[in-house]
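Remarks on the overall topology
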Amino acid sequence: MKPKKVTKAVFPVAGLGTRFLPATKSIPKEIMTLVDRPLIQYAIDEARAAGIKEFIFVTSRGKSALEDYFDNAPELESELRKKGKTELLEILKDTNMDSGAIAYVRQNRPMGLGHAVWCARRLIGDEPFAVLLPDDVIAAEKPCLQQMVEAYEKTGGCMVAAMEVPPAKASSYGVLDIAEDMGSIVRAKGMVEKPKAEEAPSNLAVIGRYILTPQVLTNLNRMKQGTGGEIQLTDAIAEEVDSKTGVFGYRFRGLRYDCGSKAGFLQATVAFGLSRPDLREEFSAYLHEMIALQKAAQ
């Protein structure tokens, strides 16, 4: 039987963004910009391309600017119309969400990603749902979640986005224990959260895109503490490996940037800047000039 369509997505955005202080003292990390679009906009656009209709944000104190970003801005729009700036008005359309399409729930204590997803349980109900972590920005010809939805329609069950990482970096990720490798899709027989390099069951790491069954929420209800004393989403998904529907990893096509780190954010800024036709020539010339100056200084 074909699995039920995925139309809901959860965006855990309750984190404090301490790695980006002092900037995140006053602005949510999720609205920091890559070129001219906030991180959260990339995640929303990816979800829309995958057919998501309901957007659930798990927030915390200090995130009001994030909520305002998706609201209409009548004064700004009026001013742009007066000045005939139709291109900018079109750009603003992507930032507006229809009434009722977006909902916010609070995570009042930082208890881990699994707990953040659990906070959205009443809005998810008894349906499969996606989870997108805005820190992971993925450049792909076909958006990552759209790729996953197409694969999920064949497999059902739980599906996580996976990419190969060197052993030394395994301790930063959840890692798949592979039962069967079918190319772009692998069937998992286990998942290990942040294993030591020598204990990693494979080199396939889970990154911030998930399609999950509602049973994962039931697993999270147990509030079982995992690595770091937090409620780990990885642990709740791992409980489903022996279920009828199973757990799958999906090797997505694209480049993932870890915008939760300063280095990753800078790398993404350069990559997305160079991908823009209106910026490429000037920006590329500047980068070449900077590299030449650094070499000369050495």
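Residues numbered from 1 in each chain as written. Predicted model: local features only at pLDDT ≥ 70, side-chain atom pairs only at ≥ 80, totals over all residues. Heavy atoms only, no water.

1. Regarding the packing of aromatic side chains
Rules: Between the rings of Phe, Tyr and Trp (Trp by its six-membered ring), a pair exists once the centres lie within 6.5 Å; its type follows the angle of the planes, with under 30 degrees stacked, over 60 edge-to-face, and the other angles tilted. Elements are defined by DSSP. Helices are runs of H or I of four residues or more, strands are runs of E of two residues or more, and each kind is numbered from the N terminus. Burial classes follow relative accessibility: with a 1.4 Å probe on protein chains only, a residue under 20% of its type's maximum area counts as buried, one over 50% as exposed, and anything between as partly exposed.
In this structure the tally under the stated criterion is 8 aromatic pairs. When the centroid spacing of 5.6 Å and the interplanar angle of 50° are considered together, the rings of Phe 57 and Phe 70 count as tilted. Here Phe 57 is found in strand E4 (residues 54-59), whereas its partner Phe 70 is found in the loop between helix H2 (64-69) and helix H3 (74-82), with 13 residues between them in sequence. Given a relative accessible area of 0%, Phe 57 falls into the buried group. Note on Tyr 69 and Phe 70: the rings are 4.9 Å apart at their centroids and 80° apart in plane angle, and the pair reads as edge-to-face. Owing to a relative accessible area of 3%, Phe 70 belongs among the buried residues under this scheme.

2. Describing the environment of Val 137
The condition that has to hold: In this description, contact between two residues means that some pair of their heavy atoms is separated by no more than 4.5 Å.
Turning to its location among the elements, Val 137 is positioned in strand E7 (residues 136-139). Among the residues examined, Val 137 registers a relative accessible area of 2% and is labelled buried. For Val 137, the contacting residues outside a window of four places in its chain are Leu 34, Leu 39, Tyr 42, Arg 209, Leu 255, Arg 256, Tyr 257, Cys 259 and Phe 272.

3. Describing the nonpolar core
Operational definition: Here, nonpolar core refers to any group of buried Ala, Val, Leu, Ile, Met, Phe, Trp, Tyr and Cys residues whose side-chain atoms link them within 4.5 Å.
Counting residues in hydrophobic clusters, the biggest one holds 38 residues, and the most contacted among them are Phe 11, Ile 40, Phe 55, Phe 57 and Leu 145. Mapped by element, the contributors of at least two residues to this core are strand E1 (8-12), helix H1 (39-49), E4, strand E6 (129-132), helix H7 (144-155), strand E8 (158-164), strand E11 (204-212) and strand E12 (247-251). With 6 residues, H7 is the largest single contributor of residues to this core. Contacts of Phe 11, omitting those with residues within four sequence positions, involve Ile 40, Ala 43, Ile 44, Ala 47, Phe 55, Ile 56, Phe 57, Val 58 and Leu 132. Ranked by size, the runner-up nonpolar core spans 34 residues in total, among them Val 160, Leu 204, Leu 233 and Ala 236.

4. Looking at a nonpolar patch on the surface
Basically, it comes down to this: The patch calculation keeps residues exceeding 30% relative accessible area without a salt bridge and links them within 9 Å when they carry like charges or within 5 Å when they are nonpolar (Val, Leu, Ile, Met, Phe, Trp, Tyr). What sets the accessible areas is the Shrake-Rupley method with a 1.4 Å probe; for residues, cover comes only from the shown protein chains. The salt bridge definition used is simple: a Lys or Arg side-chain nitrogen within 4 Å of an Asp or Glu carboxyl oxygen.
On the surface, Tyr 286, Met 290 and Leu 293 cluster together into a nonpolar patch covering about 290 Å² of accessible area. Structurally, Tyr 286 can be placed in helix H11 (residues 280-297). Exposure remark for Tyr 286: the relative accessible area of 43% places this residue in the partly exposed category.

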